[in-house]
Structures are given as structure tokens and as C-alpha cells.
Amino acid sequence: MKTLAELAQAAARVRAEELELWVSEGWVEATLVETEWQFTEAAEARVHLICDLRHDMAVNDEAIPLILDLMDQLYATRRQLKALAAAVEAQPEDIRQLVQEAVTAKAKSI
């Protein structure tokens, strides 16, 4: 966990005031511990992504929430797919084969 000041220093391209705004806008999640914001590694990665979008790619502030929402959906889908793959892998070979055949047939019909 990093504090607001530590994260602003680590990110280098964002001021503490901007980070506070991003938290209030819901772009970045933080936990208020006593009187100080604390940021997880995932939140830090998100801050770097926002910096890349704003500074390197010149994405305007109105588009940031949409991009973040799409990224969140993508990550959630990846987590679900990994869980599904693990569940299928835990099945006996004959069941895995049936699932594979059904997936292959469905993919051809799309």
C-alpha cells in the first residue's frame, strides 16, 4: 500500500491534487486510513494507465471513465474465463473432451 504522496511521487506525472480528484471521480479506488488515502498495487497500476491515456495518448477526461469501464469489463471477463478453464480442467477427460467438442462446434457456427 502506498500513501497519496508516495503514489504521486512514484507516478511522477500526476499531482496529489489530481489523484484526490480521480478518487472522488471513481477512477481510482483508495482506502481512507485515519486521515490518509492508501492505494493498492492495482490502484497504482490504474494511476499509471490513466497517466498513459492522458499524457501519452492525449485522451480527454470525458473519455477516461468509458475506457476504464471497458478495461474493467475486459479484466472481469478474463477472470471468468480463467475460472471456467480451471473448472473444465478439473473434470474427467471424457467431460473435457465433450466440452472441447461443444466449444469447437459453437465457434464454427458464430
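How each quantity is defined
- Residues numbered from 1 in each chain as written.
- Predicted model: local features only at pLDDT ≥ 70, side-chain atom pairs only at ≥ 80, totals over all residues.
- Heavy atoms only, no water.
- pLDDT = per-residue confidence, 0-100.
- Helix = DSSP H or I, 4+ residues; strand = E, 2+ residues; numbered from the N terminus.
- Pairing = 2+ DSSP bridges.
- Salt bridge = Lys/Arg side-chain N within 4 Å of Asp/Glu carboxyl O.
- Buried < 20%, exposed > 50% of the residue type's maximum accessible area, 1.4 Å probe, protein only.

1. Some words on the confidence of the model for the protein chain
No. 1: Overall, the predicted model of the protein chain reaches an average pLDDT of 94, with 100% of residues at or above 70.
No. 2: When pLDDT is averaged over each helix and strand of the protein chain, the minimum, 89, is found for helix 1 (residues 4-11) and the maximum, 97, for helix 4 (residues 64-89).

2. Considerations on the sheet that holds strand 1 (residues 2-3)
No. 1: Strand order in the open sheet formed by 3 strands is 1-3-2, and the pairing between neighbours is antiparallel. The open sheet terminates on both sides in strands that have one partner only, identified here as strand 1 and strand 2 (31-33).
No. 2: In the sheet, strand 2 pairs with strand 3 (residues 36-39) via 3 bridges, with the strands oriented antiparallel. Bridging from a neighbouring strand, Leu-32 pairs with Trp-37 of strand 3.

3. Considering the pattern of salt bridges
No. 1: Taken as a whole and judged by the stated rule, the model has 9 salt bridges.
No. 2: The closest approach of N and O atoms between Arg-96 and Glu-93, which form a salt bridge, is 2.4 Å. Within this pair, Arg-96 and its partner Glu-93 are both found in helix 5 (residues 93-109), separated by 3 residues, close to a single helical turn.
No. 3: A residue is classified by how much of its surface remains accessible, and Arg-96, at 23% relative accessible area, is partly exposed.

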